Amino acid sequence: MISDFAGGRLTIDLGALQDNWRVLSAISPSSECAAVVKADAYGVGLAEAAQALAQAGVKTFFVAHLSEARTARAAAPDAAIYVLNGLPPGACDTYAALGVRPVLGSMAELAEWRAFVSATGADEAAAIHVDTGMARLGLDPEEARALFSSDGIGFRPALVMSHLACADEPDRPETERQRALFAELRSLLPNTPASLANSPGTLIARTSGGDLGFEMRRPGVSLYGSNPLPGRPATMKPVVKLEARIIQTRHVPAGTPVGYGGAETTRRPTRLAILSLGYADGVFRAAGSEHGAPGAFGFAGSVPCPFFGRISMDLVAVDVTDAPESATSRDDWVEILGDDFGVDDLARACGTIGYEVLTALGRRYERRYVGAGHAPLKEA
Ligand SMILES: *Cc1c(COP(=O)(O)O)cnc(C)c1O
(Lines give C-alpha, C1' and ligand atoms only; values in the text may rest on other atoms or scores of the structure.)
Protein backbone atom coordinates (compact mmCIF):
# COMPACT_ATOMS: atom_id res chain seq x y z
CA MET A 1 0.00 0.00 0.00
CA ILE A 2 1.31 3.46 -0.84
CA SER A 3 0.14 5.49 2.12
CA ASP A 4 -0.11 9.03 0.89
CA PHE A 5 3.57 9.30 0.14
CA ALA A 6 4.46 9.16 3.83
CA GLY A 7 7.75 10.76 4.78
CA GLY A 8 8.76 7.83 6.91
CA ARG A 9 8.33 4.11 6.61
CA LEU A 10 8.31 2.02 9.78
CA THR A 11 8.73 -1.72 9.37
CA ILE A 12 7.89 -3.83 12.40
CA ASP A 13 9.21 -7.36 12.44
CA LEU A 14 6.68 -9.40 14.42
CA GLY A 15 8.78 -12.53 13.88
CA ALA A 16 11.69 -10.85 15.68
CA LEU A 17 9.28 -9.84 18.44
CA GLN A 18 8.18 -13.46 18.83
CA ASP A 19 11.81 -14.67 18.79
CA ASN A 20 12.76 -12.15 21.47
CA TRP A 21 9.96 -13.42 23.68
CA ARG A 22 11.07 -17.04 23.13
CA VAL A 23 14.65 -16.14 24.11
CA LEU A 24 13.50 -14.37 27.28
CA SER A 25 11.08 -17.14 28.12
CA ALA A 26 13.83 -19.76 27.87
CA ILE A 27 16.13 -17.96 30.35
CA SER A 28 14.06 -19.26 33.29
CA PRO A 29 11.81 -22.00 31.92
CA SER A 30 10.05 -22.62 35.22
CA SER A 31 8.81 -19.02 35.43
CA GLU A 32 6.01 -17.85 33.14
CA CYS A 33 7.12 -15.16 30.71
CA ALA A 34 4.37 -12.56 30.35
CA ALA A 35 4.62 -9.58 27.99
CA VAL A 36 4.29 -5.89 28.81
CA VAL A 37 2.48 -4.16 25.94
CA LYS A 38 1.72 -0.78 27.52
CA ALA A 39 2.11 2.48 25.60
CA ASP A 40 0.95 0.94 22.32
CA ALA A 41 3.40 -1.91 22.84
CA TYR A 42 6.27 0.55 23.29
CA GLY A 43 5.23 2.30 20.11
CA VAL A 44 5.18 -0.67 17.75
CA GLY A 45 1.39 -1.22 17.80
CA LEU A 46 -0.47 -2.91 20.64
CA ALA A 47 -2.99 -4.89 18.60
CA GLU A 48 -0.44 -6.36 16.22
CA ALA A 49 2.15 -7.02 18.93
CA ALA A 50 -0.31 -8.68 21.32
CA GLN A 51 -1.70 -10.86 18.57
CA ALA A 52 1.78 -11.98 17.48
CA LEU A 53 2.87 -12.61 21.06
CA ALA A 54 -0.27 -14.59 21.87
CA GLN A 55 0.42 -16.66 18.77
CA ALA A 56 3.95 -17.31 20.09
CA GLY A 57 2.55 -18.53 23.41
CA VAL A 58 2.15 -15.52 25.70
CA LYS A 59 -0.65 -16.19 28.20
CA THR A 60 -0.46 -13.00 30.27
CA PHE A 61 -0.22 -9.35 29.20
CA PHE A 62 0.37 -6.17 31.17
CA VAL A 63 -0.83 -2.76 30.00
CA ALA A 64 -0.82 0.59 31.83
CA HIS A 65 -4.33 1.86 31.04
CA LEU A 66 -7.79 0.39 30.80
CA SER A 67 -8.09 1.72 27.23
CA GLU A 68 -5.06 -0.38 26.33
CA ALA A 69 -6.63 -3.39 28.01
CA ARG A 70 -9.57 -3.13 25.59
CA THR A 71 -7.24 -3.32 22.62
CA ALA A 72 -5.27 -6.16 24.19
CA ARG A 73 -8.49 -8.06 24.95
CA ALA A 74 -9.56 -7.89 21.29
CA ALA A 75 -6.12 -9.05 20.15
CA ALA A 76 -5.74 -11.85 22.69
CA PRO A 77 -9.22 -13.07 23.66
CA ASP A 78 -8.00 -15.88 25.91
CA ALA A 79 -5.14 -14.14 27.70
CA ALA A 80 -5.03 -12.76 31.23
CA ILE A 81 -4.66 -8.98 31.02
CA TYR A 82 -3.44 -6.87 33.94
CA VAL A 83 -3.71 -3.08 34.14
CA LEU A 84 -0.61 -1.79 35.92
CA ASN A 85 -1.92 1.68 36.73
CA GLY A 86 -4.55 0.16 38.92
CA LEU A 87 -8.14 0.98 39.61
CA PRO A 88 -9.61 4.44 39.02
CA PRO A 89 -12.56 5.19 41.37
CA GLY A 90 -15.76 3.63 40.05
CA ALA A 91 -14.04 1.41 37.49
CA CYS A 92 -14.70 -2.03 39.04
CA ASP A 93 -17.70 -2.76 36.79
CA THR A 94 -15.79 -1.88 33.68
CA TYR A 95 -12.90 -4.16 34.61
CA ALA A 96 -15.27 -6.99 35.34
CA ALA A 97 -17.26 -6.49 32.14
CA LEU A 98 -14.08 -6.58 30.05
CA GLY A 99 -12.64 -9.47 32.02
CA VAL A 100 -9.41 -7.62 32.70
CA ARG A 101 -7.58 -7.45 36.00
CA PRO A 102 -6.54 -4.39 37.96
CA VAL A 103 -3.16 -4.34 39.67
CA LEU A 104 -4.29 -2.94 43.02
CA GLY A 105 -1.60 -0.63 44.30
CA SER A 106 -3.01 1.13 47.36
CA MET A 107 -5.23 0.40 50.35
CA ALA A 108 -7.91 2.60 48.76
CA GLU A 109 -7.95 0.53 45.59
CA LEU A 110 -8.00 -2.69 47.61
CA ALA A 111 -10.94 -1.47 49.67
CA GLU A 112 -12.90 -0.57 46.56
CA TRP A 113 -12.23 -3.92 44.92
CA ARG A 114 -13.07 -5.83 48.12
CA ALA A 115 -16.39 -3.98 48.38
CA PHE A 116 -17.17 -4.72 44.74
CA VAL A 117 -16.38 -8.42 45.14
CA SER A 118 -18.47 -8.75 48.29
CA ALA A 119 -21.41 -6.78 46.86
CA THR A 120 -21.60 -8.58 43.53
CA GLY A 121 -20.16 -11.94 44.44
CA ALA A 122 -18.02 -11.46 41.37
CA ASP A 123 -15.15 -13.86 41.11
CA GLU A 124 -12.96 -11.47 39.22
CA ALA A 125 -9.21 -11.78 39.46
CA ALA A 126 -6.94 -8.96 40.56
CA ALA A 127 -3.27 -8.52 41.40
CA ILE A 128 -1.78 -6.82 44.44
CA HIS A 129 1.23 -4.56 43.99
CA VAL A 130 3.66 -4.13 46.87
CA ASP A 131 6.34 -1.46 46.94
CA THR A 132 9.78 -2.87 47.75
CA GLY A 133 11.91 0.15 47.08
CA MET A 134 10.62 2.52 44.45
CA ALA A 135 7.98 4.65 46.22
CA ARG A 136 5.84 4.68 43.10
CA LEU A 137 2.91 2.27 43.18
CA GLY A 138 2.09 -0.47 45.67
CA LEU A 139 1.34 -1.08 49.32
CA ASP A 140 4.06 -0.15 51.79
CA PRO A 141 5.84 -3.23 53.12
CA GLU A 142 4.24 -2.65 56.56
CA GLU A 143 0.77 -2.40 55.05
CA ALA A 144 1.39 -5.54 53.00
CA ARG A 145 2.77 -7.48 55.97
CA ALA A 146 -0.22 -6.59 58.12
CA LEU A 147 -2.75 -7.31 55.39
CA PHE A 148 -1.20 -10.57 54.23
CA SER A 149 -0.80 -11.98 57.74
CA SER A 150 -4.38 -11.14 58.64
CA ASP A 151 -7.36 -12.60 56.88
CA GLY A 152 -8.30 -9.19 55.59
CA ILE A 153 -7.76 -9.21 51.84
CA GLY A 154 -11.36 -10.19 51.21
CA PHE A 155 -10.76 -11.91 47.87
CA ARG A 156 -8.25 -14.32 46.42
CA PRO A 157 -5.49 -12.36 44.60
CA ALA A 158 -4.39 -13.90 41.31
CA LEU A 159 -0.91 -12.40 41.51
CA VAL A 160 1.31 -10.50 43.92
CA MET A 161 3.91 -8.33 42.31
CA SER A 162 6.54 -5.66 42.82
CA HIS A 163 8.78 -3.67 40.49
CA LEU A 164 12.58 -3.34 40.35
CA ALA A 165 14.05 0.16 40.39
CA CYS A 166 17.72 -0.43 39.53
CA ALA A 167 18.04 -3.75 37.72
CA ASP A 168 19.43 -2.07 34.59
CA GLU A 169 22.60 -1.55 36.64
CA PRO A 170 23.39 -5.13 37.71
CA ASP A 171 26.03 -4.07 40.24
CA ARG A 172 23.61 -2.04 42.34
CA PRO A 173 22.81 -3.66 45.71
CA GLU A 174 19.19 -2.44 45.69
CA THR A 175 18.03 -5.29 43.46
CA GLU A 176 18.99 -7.95 45.98
CA ARG A 177 17.39 -5.91 48.77
CA GLN A 178 14.16 -5.68 46.77
CA ARG A 179 14.28 -9.40 45.97
CA ALA A 180 14.74 -10.37 49.61
CA LEU A 181 11.96 -8.08 50.82
CA PHE A 182 9.64 -9.30 48.09
CA ALA A 183 10.43 -12.94 48.89
CA GLU A 184 9.53 -12.30 52.53
CA LEU A 185 6.23 -10.55 51.72
CA ARG A 186 5.08 -13.07 49.15
CA SER A 187 5.85 -15.92 51.56
CA LEU A 188 2.81 -14.69 53.52
CA LEU A 189 0.70 -15.59 50.46
CA PRO A 190 2.28 -18.92 49.60
CA ASN A 191 -0.45 -19.97 47.18
CA THR A 192 -0.45 -16.78 45.14
CA PRO A 193 1.89 -16.59 42.13
CA ALA A 194 4.47 -13.82 42.42
CA SER A 195 6.17 -11.57 39.88
CA LEU A 196 9.12 -9.20 40.21
CA ALA A 197 11.33 -9.11 37.11
CA ASN A 198 11.14 -6.56 34.28
CA SER A 199 13.46 -6.87 31.24
CA PRO A 200 16.75 -6.26 33.04
CA GLY A 201 15.61 -8.53 35.89
CA THR A 202 14.72 -11.22 33.36
CA LEU A 203 18.12 -10.96 31.68
CA ILE A 204 20.23 -10.95 34.86
CA ALA A 205 17.91 -13.72 36.19
CA ARG A 206 19.36 -13.80 39.70
CA THR A 207 21.19 -11.76 42.30
CA SER A 208 23.78 -12.99 44.79
CA GLY A 209 20.84 -13.77 47.09
CA GLY A 210 18.57 -15.70 44.77
CA ASP A 211 16.36 -15.99 41.74
CA LEU A 212 14.42 -13.02 40.37
CA GLY A 213 12.04 -15.12 38.31
CA PHE A 214 9.44 -16.20 40.90
CA GLU A 215 6.37 -17.63 39.10
CA MET A 216 6.10 -14.92 36.44
CA ARG A 217 8.37 -12.40 34.71
CA ARG A 218 7.22 -9.19 33.02
CA PRO A 219 9.63 -8.04 30.32
CA GLY A 220 8.72 -5.10 28.14
CA VAL A 221 11.40 -3.14 26.34
CA SER A 222 13.63 -6.12 25.52
CA LEU A 223 10.80 -7.69 23.51
CA TYR A 224 11.00 -4.71 21.19
CA GLY A 225 14.72 -5.07 20.55
CA SER A 226 16.18 -2.57 22.98
CA ASN A 227 18.95 -3.75 25.28
CA PRO A 228 18.03 -2.82 28.85
CA LEU A 229 21.52 -3.54 30.19
CA PRO A 230 23.77 -0.80 28.83
CA GLY A 231 27.33 -2.06 28.76
CA ARG A 232 26.34 -5.66 28.11
CA PRO A 233 26.24 -6.96 24.55
CA ALA A 234 22.81 -6.72 22.96
CA THR A 235 21.11 -10.08 22.61
CA MET A 236 17.71 -9.02 21.33
CA LYS A 237 16.78 -8.89 17.65
CA PRO A 238 15.86 -5.45 16.30
CA VAL A 239 12.11 -5.20 15.82
CA VAL A 240 11.78 -1.77 14.21
CA LYS A 241 13.28 -0.41 11.04
CA LEU A 242 12.68 3.23 10.19
CA GLU A 243 13.43 4.78 6.82
CA ALA A 244 12.98 8.38 5.73
CA ARG A 245 12.21 9.64 2.26
CA ILE A 246 14.59 12.07 0.58
CA ILE A 247 12.60 15.06 -0.64
CA GLN A 248 15.46 16.87 -2.31
CA THR A 249 19.23 17.04 -2.40
CA ARG A 250 21.47 20.05 -2.82
CA HIS A 251 25.15 20.82 -3.31
CA VAL A 252 26.41 23.62 -1.10
CA PRO A 253 29.91 25.11 -0.77
CA ALA A 254 32.05 25.05 2.38
CA GLY A 255 30.97 27.70 4.86
CA THR A 256 27.19 27.30 4.29
CA PRO A 257 25.03 27.56 7.43
CA VAL A 258 22.39 24.79 7.45
CA GLY A 259 18.99 24.83 9.14
CA TYR A 260 17.54 26.86 12.02
CA GLY A 261 19.94 29.14 13.80
CA GLY A 262 22.66 28.33 11.31
CA ALA A 263 23.80 26.11 14.15
CA GLU A 264 25.97 23.99 11.87
CA THR A 265 28.12 25.18 8.97
CA THR A 266 29.58 23.03 6.20
CA ARG A 267 33.34 22.57 6.37
CA ARG A 268 33.70 21.20 2.84
CA PRO A 269 31.68 21.23 -0.37
CA THR A 270 28.76 19.16 0.78
CA ARG A 271 25.88 17.25 -0.71
CA LEU A 272 22.88 17.46 1.60
CA ALA A 273 19.77 15.30 1.49
CA ILE A 274 16.63 16.71 3.08
CA LEU A 275 14.54 13.98 4.72
CA SER A 276 10.80 14.09 5.25
CA LEU A 277 10.69 13.51 9.01
CA GLY A 278 11.56 15.48 12.10
CA TYR A 279 11.05 15.85 15.81
CA ALA A 280 7.28 15.61 15.37
CA ASP A 281 7.98 12.01 14.29
CA GLY A 282 10.08 11.15 17.32
CA VAL A 283 13.46 12.04 15.85
CA PHE A 284 14.38 14.11 18.86
CA ARG A 285 15.90 17.55 18.43
CA ALA A 286 18.79 16.32 20.53
CA ALA A 287 19.76 14.05 17.60
CA GLY A 288 20.89 17.04 15.54
CA SER A 289 24.43 18.41 15.27
CA GLU A 290 25.45 21.86 16.45
CA HIS A 291 28.74 23.71 16.13
CA GLY A 292 30.73 20.62 15.28
CA ALA A 293 29.24 18.42 18.03
CA PRO A 294 28.00 15.39 16.08
CA GLY A 295 24.48 14.00 16.30
CA ALA A 296 22.88 10.83 15.04
CA PHE A 297 23.36 9.07 11.68
CA GLY A 298 21.23 7.79 8.92
CA PHE A 299 22.52 5.08 6.62
CA ALA A 300 22.36 4.98 2.83
CA GLY A 301 23.52 1.59 1.69
CA SER A 302 25.97 1.00 4.51
CA VAL A 303 27.39 4.51 4.37
CA PRO A 304 26.81 6.59 7.51
CA CYS A 305 25.21 9.94 6.71
CA PRO A 306 25.48 12.32 9.69
CA PHE A 307 22.53 14.48 10.65
CA PHE A 308 23.59 18.04 9.83
CA GLY A 309 22.33 21.03 11.80
CA ARG A 310 19.22 21.27 13.93
CA ILE A 311 16.32 18.89 13.48
CA SER A 312 13.16 20.67 12.33
CA MET A 313 9.62 19.58 13.14
CA ASP A 314 9.16 17.84 9.79
CA LEU A 315 12.62 17.86 8.21
CA VAL A 316 16.15 16.66 8.83
CA ALA A 317 19.24 17.44 6.73
CA VAL A 318 21.83 14.67 6.39
CA ASP A 319 25.28 14.89 4.86
CA VAL A 320 25.30 12.39 1.96
CA THR A 321 28.57 13.59 0.41
CA ASP A 322 30.21 10.21 1.02
CA ALA A 323 27.24 8.10 -0.09
CA PRO A 324 26.61 7.04 -3.68
CA GLU A 325 24.35 9.44 -5.54
CA SER A 326 22.49 6.45 -6.95
CA ALA A 327 21.22 5.64 -3.43
CA THR A 328 20.67 9.18 -2.17
CA SER A 329 18.59 11.00 -4.73
CA ARG A 330 15.07 12.37 -4.68
CA ASP A 331 12.64 9.66 -3.48
CA ASP A 332 15.37 7.34 -2.23
CA TRP A 333 15.18 6.23 1.40
CA VAL A 334 17.70 6.71 4.19
CA GLU A 335 17.65 4.24 7.05
CA ILE A 336 17.28 6.01 10.41
CA LEU A 337 16.81 2.95 12.63
CA GLY A 338 17.89 -0.54 11.65
CA ASP A 339 20.72 -3.01 11.91
CA ASP A 340 23.48 -0.38 11.50
CA PHE A 341 22.07 2.19 13.90
CA GLY A 342 19.41 0.94 16.26
CA VAL A 343 17.00 2.22 18.86
CA ASP A 344 19.68 2.25 21.56
CA ASP A 345 22.16 4.06 19.28
CA LEU A 346 19.67 6.82 18.56
CA ALA A 347 18.88 6.99 22.28
CA ARG A 348 22.56 7.38 23.13
CA ALA A 349 22.96 10.14 20.52
CA CYS A 350 20.03 11.97 22.13
CA GLY A 351 21.01 11.49 25.76
CA THR A 352 17.99 9.30 26.45
CA ILE A 353 16.99 5.63 26.65
CA GLY A 354 15.63 3.17 24.12
CA TYR A 355 12.27 3.21 25.90
CA GLU A 356 11.77 6.86 25.02
CA VAL A 357 12.85 6.42 21.40
CA LEU A 358 10.40 3.54 20.93
CA THR A 359 7.42 5.15 22.63
CA ALA A 360 7.99 8.41 20.72
CA LEU A 361 7.87 6.70 17.30
CA GLY A 362 5.75 8.87 15.05
CA ARG A 363 2.12 8.38 14.16
CA ARG A 364 2.38 9.56 10.55
CA TYR A 365 4.73 6.89 9.30
CA GLU A 366 3.59 4.28 6.86
CA ARG A 367 3.61 1.20 9.07
CA ARG A 368 4.26 -2.25 7.73
CA TYR A 369 4.11 -5.44 9.74
CA VAL A 370 6.23 -8.35 8.57
CA GLY A 371 7.38 -11.68 9.94
CA ALA A 372 4.12 -13.10 11.34
CA GLY A 373 0.55 -13.33 10.18
CA HIS A 374 -1.88 -10.84 11.65
CA ALA A 375 -5.53 -10.18 11.02
CA PRO A 376 -7.38 -6.87 11.20
CA LEU A 377 -8.75 -6.43 14.70
CA LYS A 378 -11.95 -5.10 16.18
CA GLU A 379 -11.96 -3.27 19.49
CA ALA A 380 -13.89 -4.76 22.38
C1 LIG B 1 6.93 -1.08 32.34
C2 LIG B 1 6.89 -2.09 33.39
C3 LIG B 1 7.48 -3.35 33.18
C4 LIG B 1 8.32 -3.66 31.98
O5 LIG B 1 9.58 -3.02 32.12
P6 LIG B 1 10.74 -3.16 31.04
O7 LIG B 1 11.91 -2.49 31.68
O8 LIG B 1 10.27 -2.42 29.83
O9 LIG B 1 10.94 -4.59 30.78
C10 LIG B 1 7.28 -4.33 34.14
N11 LIG B 1 6.58 -4.05 35.29
C12 LIG B 1 6.05 -2.84 35.52
C13 LIG B 1 5.32 -2.60 36.80
C14 LIG B 1 6.20 -1.81 34.60
O15 LIG B 1 5.69 -0.60 34.85
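Residues numbered from 1 in each chain as written. Predicted model: local features only at pLDDT ≥ 70, side-chain atom pairs only at ≥ 80, totals over all residues. Heavy atoms only, no water.

Student: Which residues make up the UniProt feature "modified residue: N6-(pyridoxal phosphate)lysine" (unreviewed entry) in the protein, and what values do they have?
Tutor: With numbering matched to this structure, UniProt assigns "modified residue: N6-(pyridoxal phosphate)lysine" (unreviewed entry) to Lys-38. Take Lys-38: it is sitting in helix α2 (residues 38–42). When its relative accessible area of 26% is taken as the criterion, Lys-38 is described as partly exposed. (UniProt positions renumbered as here; feature names shortened; annotations may be inferred. Helix = DSSP H or I, 4+ residues; strand = E, 2+ residues; numbered from the N terminus. Buried < 20%, exposed > 50% of the residue type's maximum accessible area, 1.4 Å probe, protein only.)

Student: Run through the layout of surface pockets, naming residues and quoting values.
Tutor: Here the largest pocket is characterised by a volume of approximately 1,000 Å³. Val-221, Ser-226, Asn-227, Pro-228 and Tyr-355 are the residues nearest the centre of the largest pocket, which is lined by 48 residues in total. Per element, the largest residue contribution to the lining of the largest pocket is five residues, and it comes from helix α10 (residues 343–349). Tallied by class, residues from the lining of the largest pocket come to 24 nonpolar, 14 polar and 10 charged. Split by domain, the lining of the largest pocket shows at least three residues from each of two domains, domain 1 (31–224) and domain 2 (240–370). Quantified by volume, the second largest pocket comes out at close to 260 Å³. If you go around the second largest pocket, you meet 14 residues; those closest to its centre are Asp-123, Phe-155, Arg-156, Pro-157 and Ala-158. (1 Å grid on protein atoms, 1.4 Å probe; cavity = no way out; pocket = protein on both sides within 12 Å on 5 of 7 lines; lining within 4 Å. Points joined across faces, edges and corners; volume = space filled by probe spheres on them. Nonpolar A, V, L, I, M, F, W, Y, C, P; charged D, E, K, R; others polar. Domains from an automatic or database assignment.)

Student: Tell me what's going on with the packing of helix α3 (residues 46–56) against helix α4 (residues 66–75), and back it up with residues and numbers.
Tutor: It is the contact of α3 with α4, at a shortest axis distance of 8 Å, that shows an interaxial angle of 45°. Classified by the interaxial angle, the pair formed by α3 and α4 is oblique. Relative to α4, α3 is oriented so that their crossing is right-handed. Here Leu-46, Ala-47, Ala-50 and Gln-51 of α3 come into contact with α4, specifically with Glu-68, Thr-71, Ala-72 and Ala-75. Of the residues contributing to the contact of α3 with α4, the split by class is five nonpolar, two polar and one charged. (Axes fitted to C-alpha atoms, helices over the stretch in contact; angles between N-to-C directions. Parallel < 35°, antiparallel > 145°, perpendicular 65-115°, else oblique. Left-handed = near helix turned anticlockwise from the far one by under 90°. Contact = heavy atoms within 4.5 Å.)

Student: Now, about the UniProt feature "binding site: substrate" (unreviewed entry) in the protein: what can you tell me, with residues and values included?
Tutor: Per the UniProt entry, the sites bearing "binding site: substrate" (unreviewed entry) are Arg-136 and Met-313 in this numbering. In sequence the annotated residues extend across 178 residues, and in space they extend as well, their farthest C-alpha pair lying 33.7 Å apart. As for the largest cavity, its lining draws on Arg-136 from among the annotated residues. Turning to its location among the elements, Arg-136 is positioned in the loop between β7 (127–129) and α7 (141–149).

Student: Provide a residue-level description of the site of the ligand, including the pertinent values.
Tutor: In the vicinity of the ligand, 15 residues are found, and the nearest of them are Lys-38, Tyr-42, Ser-199, Gly-220 and Tyr-355. Note that a nitrogen atom of the ligand is positioned 3.0 Å from one of the side-chain N or O atoms of Arg-218. Contact distances for the ligand include 2.7 Å between an oxygen atom and a backbone N or O atom of Gly-220. Here the ligand, which alone exposes 390 Å², has 93% of that area covered by the protein. Within the residue set of the shell around the ligand, elements represented by two or more residues are α2 and α9 (199–204). A per-class count over the shell around the ligand returns eight nonpolar, four polar and three charged. (Near = heavy atom within 4 Å. Polar contact = N/O pair within 3.5 Å; in protein donor to acceptor, adjacent residues only side chain to side chain. Areas by Shrake-Rupley, 256 points an atom, 1.4 Å probe, with all protein chains shown as cover.)

Student: Give a detailed account of the environment of Leu-272, specifying residues and quantitative values.
Tutor: Among the structural elements, Leu-272 can be located in strand β14 (residues 270–275). Beyond its immediate sequence surroundings of up to four residues, Leu-272 is in contact with Gln-248, Thr-249, Arg-250, Val-252, Val-258, Phe-308, Val-318, Asp-319 and Val-320.

Student: Got a sec to walk through the side chain of Arg-217? Specific residues and values, please.
Tutor: Take Arg-217: it is sitting in strand β10 (residues 216–217). Buried charged residue Arg-217 carries no salt bridge. Nearest counter-charge: Asp-211, at 7.2 Å. For Arg-217, the side chain forms a polar contact with the main-chain oxygen of Ser-31, separated by 2.8 Å. Excluding its chain neighbours within four sequence positions, the residues that come into contact with Arg-217 are Leu-24, Ser-25, Ile-27, Ser-28, Ser-31, Glu-32, Cys-33, Ala-34, Ser-195, Ala-197 and Thr-202. (Lys, Arg positive; Asp, Glu negative; His and termini not counted. Salt bridge = Lys/Arg side-chain N within 4 Å of Asp/Glu carboxyl O.)

Student: Go over the pairing of strand β17 (residues 316–319) with me, naming the residues and quoting the values.
Tutor: With burial as the criterion, each face of β17 is covered, one bearing Val-316 and Val-318 and the other bearing Ala-317 and Asp-319. Bridging between β14 and β17 involves four bridges; their strand directions are antiparallel. Pairing of Leu-272 across the sheet is with Asp-319, part of β17. (Pairing = 2+ DSSP bridges.)

Student: I'd like to hear about the environment of Met-216, residue by residue, with values.
Tutor: Relative to the elements of secondary structure, Met-216 occurs in strand β10. Separated by 22 residues in the primary sequence, Met-216 and Ala-194 place their C-alpha atoms 6.3 Å from one another. What Met-216 contacts, discounting residues up to four positions off in sequence, is Ser-31, Glu-32, Ala-34, Thr-60, Phe-62, Leu-159, Ala-194, Ser-195 and Leu-196.

Student: Break down the side chain of Thr-207 for me, citing the residues and quoting the values.
Tutor: Along the polypeptide, Thr-207 turns up in the loop between α9 and β10. Judged by relative accessible area, Thr-207 falls into the buried class, the value being 12%. Within the local environment of Thr-207, its side chain forms a polar contact with the side chain of Glu-176, the two groups lying 2.5 Å apart. Polar side-chain contacts of Thr-207 include one of 3.1 Å to the backbone nitrogen of Gly-209. Thr-207 has contacts with Thr-175, Glu-176, Arg-179 and Leu-212, leaving out every residue within four places of it along the chain.

Student: Can you lay out the packing of aromatic side chains for me, pointing to particular residues and giving the numbers?
Tutor: Considering all chains together, one arrives at six aromatic pairs under this definition. Look at Phe-62 and Tyr-82: their rings are 5.1 Å apart centre to centre, the planes differ by 15°, and that puts the pair in the stacked class. With Phe-62 in strand β4 (residues 60–63) and Tyr-82 in strand β5 (residues 80–83), this residue pair connects regions lying 20 residues apart in the sequence. Here Phe-62 and Tyr-82 have matching classes, each one buried. Taking the centre distance of 6.1 Å and the plane angle of 65° together, the rings of Phe-297 and Phe-341 count as edge-to-face. One end of the pair, Phe-297, is in strand β15 (residues 297–300); the other, Phe-341, is in the loop between β18 (333–337) and α10, and 44 residues separate them in sequence. What makes Phe-297 partly exposed here is its relative accessible area of 29%. Classification of Phe-341 by relative accessible area gives buried; the value is 11%. (Phe/Tyr/Trp six-rings, centres within 6.5 Å; stacked < 30°, edge-to-face > 60°.)

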